[in-house]
Every structure is written in C-alpha cells, then in structure tokens.
Amino acid sequence: MGGDTGWFTVVAALGAAYVLSTVLERIVSRPLVHLAAAASEVSERGDYSLRARRESSDEIGTLVDRFNEMLDQIDM
C-alpha cells in the first residue's frame with residue numbers, strides 16, 4: 001500500500017510542477033518574447049512609430065513602458 005502512496009505523491013508533484021511552469025511561462029516568458037518580437041520588428045522595418053503591447057503591470061510591464069518611451073524619443 002505504501003508504494004501506491006509514493007506514486008501518487010510523485011504524480012501530484014509532477015502535476016503541480018507542470019501547472020507552476022505553465023503559469024510562470026504565461027507571466028514571465030510570454031511578455032518578454034512579445035517585447036523581443038516588437039524590438040525585432042522595429043529594427044527590421046526601421047519603423048519607430050511601432051509600440052510594444054503592455055501585458056502586465058509588474059516589472060515587465062514597466063520594461064515595456066520604458067521601451068515605448070525610448071521609441072517616443074527616437075521617433076521625435
């Protein structure tokens with residue numbers, strides 16, 4: 001019976017790790033990937049009127065704001 005409990009614990013831990021990694025990917029990685037894509041698009045097109053979309057109000061959102069402010073200065 002102890003072996004069944006051990007497997008359940010392993011499966012539960014893997015499930016929790018999967019959920020946590022999915023949430024972290026959505027909160028951290030995806031906004032950074034979108035910001036990098038916006039930077040690439042600005043660079044490739046030479047269009048400084050483009051702006052990155054702010055997806056959060058955390059540090060990454062602040063980074064997007066600063067990026068867009070930088071573009072505002074360049075686009076003047």
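All of the points below concern the structure found in this document. Please read these numbers as outputs of a predicted model, since none were measured by experiment.

This part is about the environment of Val64. Tracing the chain through its elements places Val64 in helix α2 (residues 59-75). Once the C-alpha coordinates of Val64 and Leu35 are considered, the two residues, 29 residues apart in sequence, prove to be 6.8 Å apart. Beyond its immediate stretch of four places on either side in the chain, Val64 contacts Leu35, Ala52, Arg53 and Arg54.

With that settled, the discussion passes to a nonpolar patch on the surface. Residues Leu20, Leu24, Ile27, Val28, Leu32 and Leu63 make up a contiguous nonpolar surface patch of about 490 Å² in total accessible area. Examining the composition of the nonpolar patch, we find that five residues originate from one element, helix α1 (residues 2-45), more than from any other.

The rules behind these values
- Residues numbered from 1 in each chain as written.
- Predicted model: local features only at pLDDT ≥ 70, side-chain atom pairs only at ≥ 80, totals over all residues.
- Heavy atoms only, no water.
- Helix = DSSP H or I, 4+ residues; strand = E, 2+ residues; numbered from the N terminus.
- Contact = heavy atoms within 4.5 Å.
- Patch = residues over 30% accessible without salt bridge, like charges linked within 9 Å, V, L, I, M, F, W, Y side chains within 5 Å.
- Areas by Shrake-Rupley, 256 points an atom, 1.4 Å probe, with all protein chains shown as cover.
- Salt bridge = Lys/Arg side-chain N within 4 Å of Asp/Glu carboxyl O.

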